[in-house]
Amino acid sequence: MPELPEVEVVARGLREKILGKFIKNVDVKHPKVVGGESHVAGFVKSLNGASITKVERHGKLLFLKLSTKHTLVVHLKLTGQLIFIDKDGKGYKGGHTQKVYDTAPPHKHTHIIISFSDGSHLYFNDLRRFGWMKVVATNDLPKVAPDPTLSDFDKSDFIKRVQKHPKISVYKALLDQTVVSGMGNIYVNELLWRCKIYPLILVSKLPRKNIDAIANAIKPLLLEAIKYGGSSANTFVKIDGSKGTFTDHLDVYHREGKPCHRKDGGTVARVKVGGRSTFFCPMCQKKAD
DNA sequence: GCGGGTGTTCACGC
DNA sequence: CGCGTGAACACCCG
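Residues numbered from 1 in each chain as written. Chains lettered and ligands numbered in written order. Predicted model: local features only at pLDDT ≥ 70, side-chain atom pairs only at ≥ 80, totals over all residues. Heavy atoms only, no water.

Draft legend 1. Structural detail: the domain arrangement of chain A. When the domains of chain A are assigned, the result is domain 1 (4-140) and domain 2 (155-280). Across the domain 1/domain 2 interface, buried area totals approximately 1,800 Å², and carbon plus sulfur atoms make up 69% of it. Our count for the contact surface shared by domain 1 and domain 2 stands at one salt bridge. With a shortest N-O distance of 3.7 Å, Asp240 and Lys93 are connected by a salt bridge. Counting across the domain 1 and domain 2 interface gives seven residue pairs in polar contact (both at pLDDT 80 or more). Among the secondary structure elements, those contributing two or more residues to the side of domain 1 that touches domain 2 are helix H1 (4-17) and strand E5 (80-85). Top element by residues in the side of domain 1 that touches domain 2 is H1. It accounts for 10 residues. Partitioned by chemical class, the residues of the side of domain 1 that touches domain 2 number 11 nonpolar, seven polar and six charged. (Domains from an automatic or database assignment. Buried area = accessible area lost by both parts, 1.4 Å probe. Salt bridge = Lys/Arg side-chain N within 4 Å of Asp/Glu carboxyl O. Polar contact = N/O pair within 3.5 Å; in protein donor to acceptor, adjacent residues only side chain to side chain. Helix = DSSP H or I, 4+ residues; strand = E, 2+ residues; numbered from the N terminus. Nonpolar A, V, L, I, M, F, W, Y, C, P; charged D, E, K, R; others polar.)

Pasting the structure below:
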């Protein structure tokens, strides 16, 4: 699910729904999600009685700041979901398909239930259980690479960070979370299509104008995706269970064999790189100019 | 029954 | 140390 835009959509949903709420109870149904059996008691204890004072996001990480000196950190990985349901149980907008993962929580893939004092609930679902939650001291949050959508993002610093990896492809460099935070397979593919860059070109061979183009296109792409509520290409849903619609605006991702959206473009191709699928237009994104 | 999948980390070999 | 590959995590879907 979750690349930067999707996580931001979740963050915005949470800001609307849970700010100021007090945590009354925490039910950990699957200890792995909080780091194993030995972490359950501490996890629950550090949340109980606290209120949510702020919701932040950096890259794909969510930070729910608490009224204590701690922060609940969440990573949704591939299939994690946060679903908020009001006291009256209404407002859930998923459940339109017949699929297992599209029903109102709690269900078999609900691993953590956070109950608020007003009777509402926040559910952490994760089909594949790769996602995690943990509570850390707020002044000890993990250090992460720059996030293109935040105000302190610096294009020249971003370019330097990419260029630190001259021997890997631009595709891989952009997926590297130590280079830039938040990009995943969908948005790297989309970004390179927008910039007309062949995904497998090595960073060392990438013309300066192409790196500049990436630096300039990255933020508008992500903001556009956020505007449409993210891409529900797989299991992503907003906190009310509804889907994002940027999926309808994707140019190459999951469009193998379909015509390129540029009028002089070719047919979208798919190539395996390090075990994952890279989508691109062989006409627009040629190996060399 | 098999392969594929949005993310990250680790072991291994070069 | 850098880089690629494959595996691991776990489950549903086509």
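Draft legend 2. Quick peek at the pattern of salt bridges. Summed over the entire model, instances satisfying the criterion amount to 13 salt bridges. Notably, a salt bridge pairs Arg270 with Glu256, separated by 3.6 Å at the nearest N-O pair. With a gap of 14 residues between them, Arg270 in strand E9 (residues 269-273) and Glu256 in the loop between helix H6 (208-227) and E9 connect regions that are remote in the sequence. Salt bridges here are not isolated pairs; linked through shared partners, they connect Glu8, Arg12, Arg15, Arg57 and Asp147.

Draft legend 3. Broad picture of the pairing of strand E4 (residues 70-75). Of all six residues that make up E4, five are buried, and the element is covered over most of its length. With five bridges connecting them, strand E3 (residues 61-66) and E4 associate as antiparallel partners. Looking at E4, one finds that Phe63 is bridged to Val73. In sequence, E3 turns back onto E4 through a hairpin of three residues. As defined by bridge partners, E4 adjoins strand E8 (residues 132-137) across six bridges and the pair is classed as antiparallel. Bridge assignment links Val73 to a residue of E8, and that residue is Lys134. (Buried < 20%, exposed > 50% of the residue type's maximum accessible area, 1.4 Å probe, protein only. Pairing = 2+ DSSP bridges.)

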